[in-house]
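Chain and residue survey
Residue-level listing of the chains:
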Amino acid sequence: MKSLAELNAIKEKILKEKAEKIDKGEEIKVLVGMATCGIMAGAMPVMTALMQEVEKRHLKNVVVSQTGCIGLCNYEPIVEVLVPNMPKVTYIDVTPEKAVKIINDHVVNGQVVKEFTIDNMRWNKE
Amino acid sequence: MYRSHVLVSGNEESVIKKIVADLNELLVKHRLQNDVKVLVTYSLNDDDKISLIIYPEGTQYYDVEGYDKLEKIVSRHLAEGVIVKELLAKGEEKTDEQKESESEFINRQFRVVLKNSGIIDPESIDEYIAQDGYQALGKALTQMTPEQVVEEIKASGLRGRGGGGFPTGKKWEFACKSDDPIKYICCNADEGDPGAFMDRSVLEGDPHAVIEAMAIAGYAIGAHKGYIYVRAEYPRAVSRLEIAIAQAKEYGLLGKNIFDSGFDFDLEIRLGAGAFVCGEETALLTSIEGNRGEPHPKPPFPAVKGLFGHPTVLNNVETFANIPQIILKGADWFNSIGTEKSKGTKVFALGGKIEHVGLVEVPMGTTLRKVIYKIGGGIPNGKKFKAAQTGGPSGGCIPAEYLDIPMDYDNLIGIGSMMGSGGLIIMDEDNCMVDMAKFFLEFTVDESCGMCTACRVGNKRLYELLTKITDGEATMEDLDKLEELCYYIKDNSLCGLGQSAPNPVLSTLKYFRDEYIAHIKDKKCPAGVCKNLITFEVLPDECTGCGVCKKLCPVGAIKGEATEAHRIDKDKCIKCGLCMEKCKYNAIVKR
């Protein structure tokens, strides 16, 4: 890295690619919490299930990606679905079976699987 | 039982009838007549168009008149579960569910250190760069002098997040002023407190932030080499750090002549074997040197004479994670968060009797009440809050009367606790405070390096005295001895481990002395935890003689004929509590 301009060029390039994908409504991001807390709770099989399902359905516009801990350790495994121009949806206590339903209902059909979301938690409603 | 309901809504009755008939015909065609029910509902539209609403999804289609359109909805939505996008009602692309707000849990926090954790892929440097990553390093190297960087950190008021709360800027200044050509930057990632895991999360979720901050610190004090001391028990944190360091080197963000400024900086990882004392700065540096992890007397402080005898700045992971944003957004921004003497935010690891176990980041000065009830979701099963233990085995407890005290370094020390590294263990009415103090003492007895007699022997004796109390064999004189010994250990230990080891005992004595006295005088454990002081009894009037407890008892201590009240043999009973837990008639009680 020789200059700040070079760093900014990389940043601009990444942001531009992202914006283009969002403009075309292409990229749907599925984030899986893969810190120690998530992995201990079983995030590995969830991640595998998500990736297999995406592959099976040839969903070229879906990116399944790992991320760190968002802080809700006892609700792991946590999966977040980011559809362009829509608010982020956070699913908790995800199992491989739930993961398949999330891909089918939310990612493919745009219908949030309400009963798995974080907002369905008791303490959030009070 | 129908899987779906289709509601037909319109103004023209004849049209509605036709649609219902067509739908029913299509359902039969797709063999869905037993799964889907068609109903007519009140009118939703002002015009003469027909709307369909499909439940339970709540999907709304508009202007569906025409056999083709209905065919599409039945064959695709109802049969295959795929939404027919072109027929959706206006505004329906964004259904209510998708407009749902972010969780209150996140909204009530203020994230600086955890800004990227849970958002970016920690194994991708590009994602970090897209979130303004390495901009601060670029700014420091190309637009600021090392002195300006130190000034900025000093002005921000950032204090060490490892527990002590020493001003970070001052530490850097000491090292900066030294004219030794060799200096070092070290990162303390040897998180040893039971119940604390925020450093692990930062390293696993955002490793580049720590790397960037260490390079900035290196530039500020004139160091060209850094070490990250991380415990081997954190394999994922280690592997992500390794990946991140390799990526940073590949991008030229570590190595020679970074940003063409002539500044070189390199990083290495050192694995700790998990000794608690290695979280103490002098012991940690000794361990990096390859020696047995034992503390040294201070002064000289590491900033003057540290690693390999050279000036060394050692900061905690969380402290480092604050640095890039202070450089980028300025000291004034950081200064605006927090209380007068404690600036910025603090990450707490919530654990124990709390609904939501996990990490929270709040501005300094947030009350414990807000952290527990607004963010942490409160105490499970409607139990009453008793105390919170901060700072693990070095800290103290905060009783219920201080729930509303703004938590910052000075306030917590004022009430006999300490900020510590940020572990926050919540206890409810079922926790015995003497037992809790004993638990932490057991930990320090185990982890004492053995160098100082006061710590090695004193803590062992302290533990024995506590055991005497929980066994119900202590006298009131023992309580005085206990207190005296606490101060003796504090005064005669070299390092932070020994000096702070009696803190859990002292603070529980301060706020829960009545519990100690109950153990000693009444031979009772008010919370019903200490096994030697409790007995299990059968209430003869309630017992139906079902025999469940008799079958379950692992030591055969329960006797009695079927349908007659049972008895517990107190000599045999090991007080496991299984019988009480499983009794359907609540006929077994703990006294």
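Residues numbered from 1 in each chain as written. Chains lettered and ligands numbered in written order. Predicted model: local features only at pLDDT ≥ 70, side-chain atom pairs only at ≥ 80, totals over all residues.

Comments concerning the overall build of chain B
Looking only at helices and strands, chain B has 24 helices and 18 strands in total. Overall, the C-alpha framework of chain B stretches about 95 × 85 × 40 Å when taken along its three principal axes. Burial status across chain B gives 48% buried among its 591 residues. Contacts in chain B between residues at least 24 apart in sequence constitute 70% of all its contacts with a sequence separation of at least 6. (Helix = DSSP H or I, 4+ residues; strand = E, 2+ residues; numbered from the N terminus. Buried ≥ 20, exposed ≤ 12 C-beta atoms within 10 Å, placed from the backbone. Contact = placed C-beta atoms within 7 Å.)

Looking at the domain arrangement of chain B
By the assigned domains, chain B splits into domain 1 (4–98), domain 2 (125–335), domain 3 (345–428), domain 4 (433–520) and domain 5 (535–590). Computed over C-alpha atoms only, the centres of domain 2 of chain B and domain 5 of chain B are separated by 58 Å. (Domains from an automatic or database assignment.)

Here we look at the nonpolar core
Across soluble globular proteins, nonpolar side chains show a tendency to be buried alongside one another. Among the nonpolar cores identified, the biggest contains 177 residues, and A:Val79, B:Val210 and B:Ile216 are the most heavily contacted of them. If you tally residues by element for this core, the top one is helix H9 (residues 207–221) of chain B, at eleven residues. Ignoring sequence-local partners within four residues, the contact set of B:Val210 consists of B:Cys187, B:Val202, B:Leu203, B:Val317, B:Phe320 and B:Ala321. In terms of nonpolar packing, the next biggest core, distinct from the first, is built from 18 residues, B:Leu32, B:Ile50, B:Leu70 and B:Ile73 among them. (Core = buried A, V, L, I, M, F, W, Y, C linked by C-beta atoms within 7 Å.)

Things to note about the sheet that holds strand E10 (residues 345–352) of chain B
All names here are of chain B. Read from one edge of the open sheet, five strands run E11-E10-E14-E12-E13, paired in mixed fashion. The open sheet terminates on both sides in strands that have one partner only, identified here as strand E11 (358–363) and strand E13 (397–399). The sheet shows a mean angle of 30 degrees between the axes of neighbouring strands, taken without regard to direction. Sheet topology places E10 next to E11; six bridges connect them, and they run antiparallel. Bridge pairing links Ala349 to Leu359 in E11. (Pairing = 2+ DSSP bridges. Axes fitted to C-alpha atoms, helices over the stretch in contact; angles between N-to-C directions.)

Describing the sheet that holds strand E1 (residues 28–33) of chain A
Residue and element names in this part refer to chain A. Strand order in the open sheet formed by four strands is E2-E1-E3-E4, with mixed pairing between adjacent strands. For this open sheet the edge positions go to strand E2 (62–67) and strand E4 (89–91), each flanked by a neighbour on one side alone. Strand after strand, the sheet turns through a mean of 20 degrees between neighbouring axes, direction not considered. Across six bridges, E1 lies against E2 in parallel orientation. Bridging across to E2, Val30 finds its partner in Val64. Against the sheet, helix H4 (residues 96–108) touches E1, E2, strand E3 (79–82) and E4, its axis set at about 15 degrees to E3.

Quick notes on the packing of helix H8 (residues 198–205) of chain B against helix H10 (residues 235–250) of chain B
Residue and element names in this part refer to chain B. For the pair H8 and H10, interaxial distance at closest approach is 8 Å and the crossing angle is 35 degrees. In the packing of H8 onto H10, the handedness of the crossing is left-handed. Taken together, the residues of H10 that come into contact with H8 (itself represented by Arg200, Leu203 and Glu204) are Arg236, Ala237, Arg240 and Leu241. For the contact of H8 with H10, the per-class residue count stands at three nonpolar, no polar and four charged. (Left-handed = near helix turned anticlockwise from the far one by under 90°. Nonpolar A, V, L, I, M, F, W, Y, C, P; charged D, E, K, R; others polar.)

Here we look at the environment of B:Asp199
Residue and element names in this part refer to chain B. Mapped onto the elements of the fold, Asp199 is located in helix H8. Sequence separation between Asp199 and Ile425 is 226 residues; the distance between their C-alpha atoms is 16 Å. Once residues within four sequence positions are removed from consideration, Asp199 is found in contact with Ala189, Glu191, Asn316, Val317 and Glu318.

Looking at unusual backbone geometry
Residue and element names in this part refer to chain B. For the bond from Lys298 to Pro299, the omega torsion is -10 degrees, close enough to zero to count as cis. Along the chain, the position of Pro299 falls in the loop between helix H11 (281–288) and strand E9 (312–316). With an omega of 5 degrees, the peptide bond between Pro299 and Pro300 qualifies as cis. Take Pro300: it is sitting in the loop between H11 and E9. One non-glycine residue with positive phi stands out, namely Phe259, at about 55 degrees. With respect to the helices and strands, Phe259 occurs in the loop between strand E7 (255–258) and strand E8 (263–272). The exposure class of Phe259 is buried, given the 23 C-beta atoms found within 10 Å.

Description of the confidence of the model for chain B
Within chain B, residue pLDDT values average 89, and 96% of them lie at 70 or more. Counted against residues more than four places away or in other chains, residues 93–102 of chain B, with its pLDDT under 50, gives 15 contacts. (pLDDT = per-residue confidence, 0-100.)

Describing H11(B)
Residues spaced three or four apart along an α-helix point in a common direction, a consequence of the helix completing one turn every 3.6 residues. Residues and elements named next belong to chain B. Taken across its eight residues, H11 has seven buried, putting it largely inside the fold. Among the residues of H11, those classed as buried are Glu281, Thr282, Ala283, Leu284, Leu285, Ser287 and Ile288. Looking at the buried side of H11, the elements it contacts are strand E5 (184–189), strand E6 (225–231), E8 and E9. Positive phi shows up at Gly290, right after H11, with a value of about 100 degrees.

Digging into the packing of helix H6 (residues 146–156) of chain B against helix H7 (residues 168–177) of chain B
All names here are of chain B. Taken N-terminus to C-terminus, the directions of H6 and H7 make an angle of 155 degrees; their axes are 7 Å apart at the nearest point. Taken together, the axes of H6 and H7 are roughly antiparallel relative to one another. Both H6 and H7 take part in a crossing whose hand is left-handed. When H6 is examined against H7, the residues Pro146, Val150, Ile153 and Lys154 are found in contact with a partner set consisting of Thr168, Gly169, Lys170, Trp172, Glu173 and Cys176. Across the contact of H6 with H7, the residue classes tally to five nonpolar, two polar and three charged. (Parallel < 35°, antiparallel > 145°, perpendicular 65-115°, else oblique.)

Brief notes about the pairing of E3(A)
Residue and element names in this part refer to chain A. In this structure, E1 lies alongside E3, joined through four bridges in antiparallel fashion. The residue of E3 that forms the bridge with Val32 is Val79. Bridge count for E3 against E4 is three bridges, and the pairing is antiparallel. Looking at E4, one finds that Val79 is bridged to Tyr91.

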